[in-house]
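# Coordinate inspection notes
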Amino acid sequence: MKLGSRNKMFGGEQALWSAPSAACNCDMQFAVFIPPGKGPFPVLYWLSGLTCTPMNFVEKAGAQKLATELGIILVAPDTSPRGEGVADDAAYDLGQGAGFYLSTTQNPWREYFQMDRWIIEELVPLIDQKFATDPTRRGIFGHSMGGHGALTLHLKRPDIFKTCSAFSPIVAPMQVPWGQKAFRTYLGDNQSDWKQYDACQLVEASPGPAHILIDQGLDDTFLAEQLRPELFELACKKASQQVTVRRQVGYDHSYYFIASFIEDHLRWHEAQFDK
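Residues numbered from 1 in each chain as written. Predicted model: local features only at pLDDT ≥ 70, side-chain atom pairs only at ≥ 80, totals over all residues. Heavy atoms only, no water.

The set of residues buried in helix H5 (residues 177–187) consists of Trp178, Gly179, Ala182, Phe183, Tyr186 and Leu187. The arc that holds every buried residue of H5, seen down its axis, measures 110 degrees, which confines them to one face. Residues of H5 that are buried make contact with helix H4 (145–156) and helix H7 (223–227). With its phi angle positive at about 95 degrees, Gly188 sits one or two positions after the end of H5. (Buried < 20%, exposed > 50% of the residue type's maximum accessible area, 1.4 Å probe, protein only. Helix = DSSP H or I, 4+ residues; strand = E, 2+ residues; numbered from the N terminus. Arc of directions from axis to C-beta. Contact = heavy atoms within 4.5 Å.)

Okay, the pairing of strand E3 (residues 26–34) next. With seven of nine residues buried, E3 lies mostly within the body of the structure. One ladder, built from nine bridges, connects strand E2 (residues 12–21) with E3; its direction is antiparallel. Directly across from Trp17, in E3, lies its bridge partner Phe30. Between E2 and E3, which follow one another and run antiparallel, lie four residues, and Asn25 among them has a positive phi close to 60 degrees. Direction of pairing for E3 relative to strand E5 (residues 73–77): antiparallel, over a ladder of four bridges. Paired with Val32 across the bridge in E5 is Val75. (Pairing = 2+ DSSP bridges.)

Glancing now at the nonpolar core. Counting 70 residues, the largest nonpolar core has Tyr186 and Phe232 as the members making the most contacts within it. The element best represented in this core is helix H3 (residues 115–130), accounting for eight residues. Other than its neighbours up to four places away in sequence, Tyr186 contacts Leu94, Gly95, Ala98, Gly99, Phe100, Leu102, Thr104, Thr105, Gln106, Trp109 and Phe113. (Core = buried A, V, L, I, M, F, W, Y, C linked by side-chain atoms within 4.5 Å.)

What follows concerns the side chain of Arg138. With respect to the secondary-structure elements, Arg138 resides in strand E6 (residues 133–143). Here Ile160 takes part through its backbone oxygen, which lies 2.9 Å from a polar atom of the side chain of Arg138. Those residues in contact with Arg138 that lie beyond four places of it in its chain are Val43, Tyr45, Val124, Asp128, Ile160, Phe161, Lys162, Thr163 and Phe273. (Polar contact = N/O pair within 3.5 Å; in protein donor to acceptor, adjacent residues only side chain to side chain.)

Moving on to the environment of Glu13. With respect to the helices and strands, the residue Glu13 is situated in strand E2. Residues Glu13 and Asp78, spaced 65 residues apart in sequence, show a C-alpha to C-alpha distance of 19 Å. Here Arg6 takes part through its side chain, which lies 2.8 Å from a polar atom of the side chain of Glu13.

Let's shift gears to the pattern of salt bridges. Side-chain pairs of opposite charge can arise where the charged atoms are in close proximity. A complete count under the given rule lists 14 salt bridges for this structure. Asp128 is the salt-bridge partner of Arg138, the closest N and O atoms lying 2.6 Å from each other. Placement of the pair is Arg138 in strand E6 and Asp128 in helix H3, with a sequence separation of 10 residues. For Arg138, a relative accessible area of 6% translates into the label buried. Residue Asp128 is classed as partly exposed on the basis of its relative accessible area, which comes to 23%. When the shortest N-O distance is used, the salt bridge between Asp215 and Arg246 registers 2.8 Å. One end of the pair, Asp215, is in strand E8 (residues 212–217); the other, Arg246, is in strand E9 (residues 243–248), and 31 residues separate them in sequence. The structure contains a network of salt bridges with shared partners spanning Glu69, Glu263 and Arg267. (Salt bridge = Lys/Arg side-chain N within 4 Å of Asp/Glu carboxyl O.)

This is how it looks when you write it as structure tokens:
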């Protein structure tokens, strides 16, 4: 691990790290907040949305004060591989900053864009090795593209991520433009290959043990075309999956929205850890 920055914050430490990744064939960045004390601590993984770096969450969400109070480690991975030579695209919703938390099968992406493998096979073990975590109390949450990642990673690996919540997630990528564009580019045209990265498909096939929390702003300009939380509610009803979807009047897709309800999500995970 290579230290990029370190700052004392609310008695704990907020740091930016990088480490070589075999899955992504480059150094990958991730932010870690460690509360004061000896641990072992529960750990929450935050997955950010399109165009974001780890610092969007670190600087805008306002989660560290409550994480200190609750004694929770916060980990914010980057949203994609980065660097000279890494495949990219001029569009904001493909390439660097837009990894969609999946493992690509198509050129030129597959040499680098193995995001779910990096998180599950490399990052989680590294965090457990280097910091005082409690692996029995590990959760995942995220925003937009990161909400999609949080839901899919939890539903596929509830043994790793016991709890799950999301802000404005892309719940049905197979049915919306963002997801269709990314899946066709990263996975090819065979839609049967897409199902493993679609939360609606996953929950119907294998509902998870956790009670999932979703917050969605009703003034979100992406709500009707890209997000469509009602599709996930319907899939959860069919699968008997516990889910609470809160529709927040007047809130948009921004970190102003996230900061307004981040405390609820941290407390939600804390309450779910011991159930």
